[in-house]
Amino acid sequence: MSRVLIVGSEGQIGSQLSKELSKEIDFDNLFLSDICDESKSDLKYFRLDALSYDDLKKNILDNDISEVYHLAAILSAKGEKDPMLTWNLNMNSLFNILNLAKEKIIKKVFWPSSIAVFGDHSSKNNTPQFTDKEPITVYGISKLAGENWCKYYNERYGTDVRSLRFPGVISYNTLPGGGTTDYANDIFHSFKSGKNYNCYLKENTILPMIYIDDAINGIVKLMESPKDNLRIKSSYNISGFSTSPKMIAEELKNINKEFKVEYKSDFRQIIADSWPNSIKDKYAREDWDWKENFDLKKTVKEMISKLNIR
C-alpha cells in the first residue's frame, strides 16, 4: 500500500480529500501537512513549509512517502494583493515536489490547476482542452506555468504527475480562501445565518463550478487510472455545471423568499469576465471515465443540508 502525504491538508480541497482517502488508506499510511500548528483532523499531521525543499524531503523520506497530493497555493483574488508572494509559493513549492519526483523519491503526484489559466481570448463557451491561454492574474500565470512544467517533467524525466484544471469549487467544509468564485460559497453562509448577501460579481456572471464531492471523486478517479491511459500530461479540463450569482440566489429564494442579494461588483469582476462560461472536458470523460454527479439543484440541496454555521 502506498504511503500518502497531503500538502496543504487544511484547505478547501485538502480537508475533504483527507476524509475520503482515510476510507481506503489505513491510519499509519496517510499523513497530513500544512503551515498551521495543528490540524482539524485526527489523522497524522505535521507542520510543514512547502517552500522548504530540505524539510519536505526529510519528512517524505522519514515517513517513506511514495504519493503526494500537493495542494498548497495562494488563490486568484488574494494573490493579486501580493503577486510576488503568490508566484513564489505557487511555483517554488511545485518545483520542490517535481524535483523529488524526478529523483524518484516520490512515485506519484497530484497537483491542481485552475480555469484561471484561461483569459480574454480563450473560447468562452464549452472551452476545450486546447485553446488560447492568456491568464490575467498571477494565480493564473502560475497555474499555466505549472501545467507546462508538469508536462515537461512527465515527458522529459518520466515522472508521474497528474492534474485537474478545476473550476470554482463549492464546499461546505471550510471557509472561502480568497478565490474569485468564492461568492458561490459565501452566499450559502449568509443564507444559513439568516442574513442578506452582498455579491461582488454581477448577477448574470456565468462561471463553471463543481461541487466538492465531485471534485474529490475526480481526483481519486484520476489517481487510480492506469498511467498509460492518460493522454494529457499537463492538466485535464473538468467541470460540473455552470451557474451565476442570480441562478444560485433564485434557488435559495425558492427555499426562503425573504432572502435577498445585492450586487456591487469589484476588481474580481474583471477576473471573472476573463474566464470561461462553460468547460468541455471530453478528454477526462474518454481517458478515465469522468462524470459529474451534482448539478446546481443537487448542489444547493447538499449545501443547505451539510453547511453548519456556528
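Look up: the structure comes first, before these words.
Attention here is on the structure that accompanies the text. (Residues numbered from 1 in each chain as written. Predicted model: local features only at pLDDT ≥ 70, side-chain atom pairs only at ≥ 80, totals over all residues. Heavy atoms only, no water.)

Considerations on a negative patch on the surface
The criterion, for reference: Nonpolar side chains (Val, Leu, Ile, Met, Phe, Trp, Tyr) are joined into patches within 5 Å and like charges within 9 Å, using only residues with over 30% relative accessible area and no salt bridge. We get accessible surface area from the Shrake-Rupley algorithm with a probe of 1.4 Å; when it comes to residues, only the shown protein chains can shield them. Salt bridges, as used here, are contacts in which a Lys or Arg side-chain nitrogen is within 4 Å of a carboxyl oxygen on Asp or Glu. Counted as positive: Lys and Arg. Counted as negative: Asp and Glu. His and the chain ends are not counted at all. Positions of charges follow a simple convention, taking NZ of Lys, CZ of Arg, CG of Asp or CD of Glu. For helices the rule is a DSSP run of H or I covering at least 4 residues; for strands it is a run of E covering at least 2, with both sets numbered from the N terminus onward.
A cluster of acidic side chains, namely D120, D132, E134 and D273, defines a negative patch on the protein surface. One can find D120 in the loop between β5 (108–114) and α5 (138–157).

Quick word on the sheet that holds strand β7 (residues 168–170)
The cut-off we apply is this: Pairs of strands are assigned from DSSP output, requiring at least two bridges between the strands. Only C-alpha atoms enter the line fits that serve as axes; for helices the fit covers just the stretch in contact. Angles between N-to-C directions range over 0 to 180 degrees. Residue contacts are defined here by distance: any two heavy atoms, one from each residue, within 4.5 Å place the two residues in contact.
Taken in spatial order, the three strands line up as β7-β9-β11 in an open sheet, and their pairing is mixed. In this open sheet, the two strands that pair with only one neighbour each are β7 and β11 (241–243). Looking at each pair of strands side by side, their axes are set apart by 45° on average, direction ignored. Each of β7 and β9 (207–211) touches helix α7 (residues 212–224); the most contacted strand, β9, lies at about 80° to it.

Quick notes on the nonpolar core
Proteins that are soluble and globular tend to have nonpolar side chains buried together. Where we set the bar: Buried Ala, Val, Leu, Ile, Met, Phe, Trp, Tyr and Cys residues form a nonpolar core when they are joined through side-chain atoms within 4.5 Å. Three labels apply to residues, based on accessible area from a 1.4 Å probe with only protein chains included: buried if under 20% of the type maximum, exposed if over 50%, partly exposed otherwise in between.
In this structure, F188 and I219 are the most contacted members of the largest nonpolar core, which totals 67 residues. Ranked by residue count, the leading element in this core is α7, at seven residues. In contact with I219, not counting residues within four places along its chain, are I13, L17, Y69, F110, L164 and F166. By size, the runner-up hydrophobic cluster in this structure holds 23 residues, among which are V7, I60, I65 and W111.

So, the environment of E155
Structurally, E155 can be placed in helix α5. The sequence separation of E155 and S234 amounts to 79 residues, and the corresponding C-alpha distance is 9.9 Å.

So, unusual backbone geometry
Phi angles above zero are rare outside glycine, and D64 is one such case at about 55°. Turning to its location among the elements, D64 is positioned in the loop between α2 (53–62) and β4 (67–70). Classification of D64 as exposed rests on a relative accessible area of 53%. Unlike most non-glycine residues, N126 shows phi in positive territory, near 50°. Considering the arrangement of structural elements, one finds N126 in the loop between β5 and α5. By relative accessible area, which is 48% here, N126 ends up partly exposed.

Considerations on the pattern of salt bridges
Taken as a whole and assessed by the stated rule, the structure comprises 18 salt bridges. Across the pair E103 and K57 runs a salt bridge, and its minimum N-O distance is 3.8 Å. Residue E103 is located in the loop between α4 (83–102) and β5, and its partner K57 is located in helix α2; the two are separated by 46 residues in the primary sequence. E103 sits in the partly exposed class, given a relative accessible area of 40%. Accessibility expressed as a relative area gives 27% for K57, which makes it partly exposed. One salt bridge connects K151 with E155, and the closest N-O pair in it is separated by 3.2 Å. Residue K151 and its partner E155 are both found in helix α5; the two are separated by four residues, about one turn of the helix. Given the relative accessible area of 52%, E155 is considered exposed.

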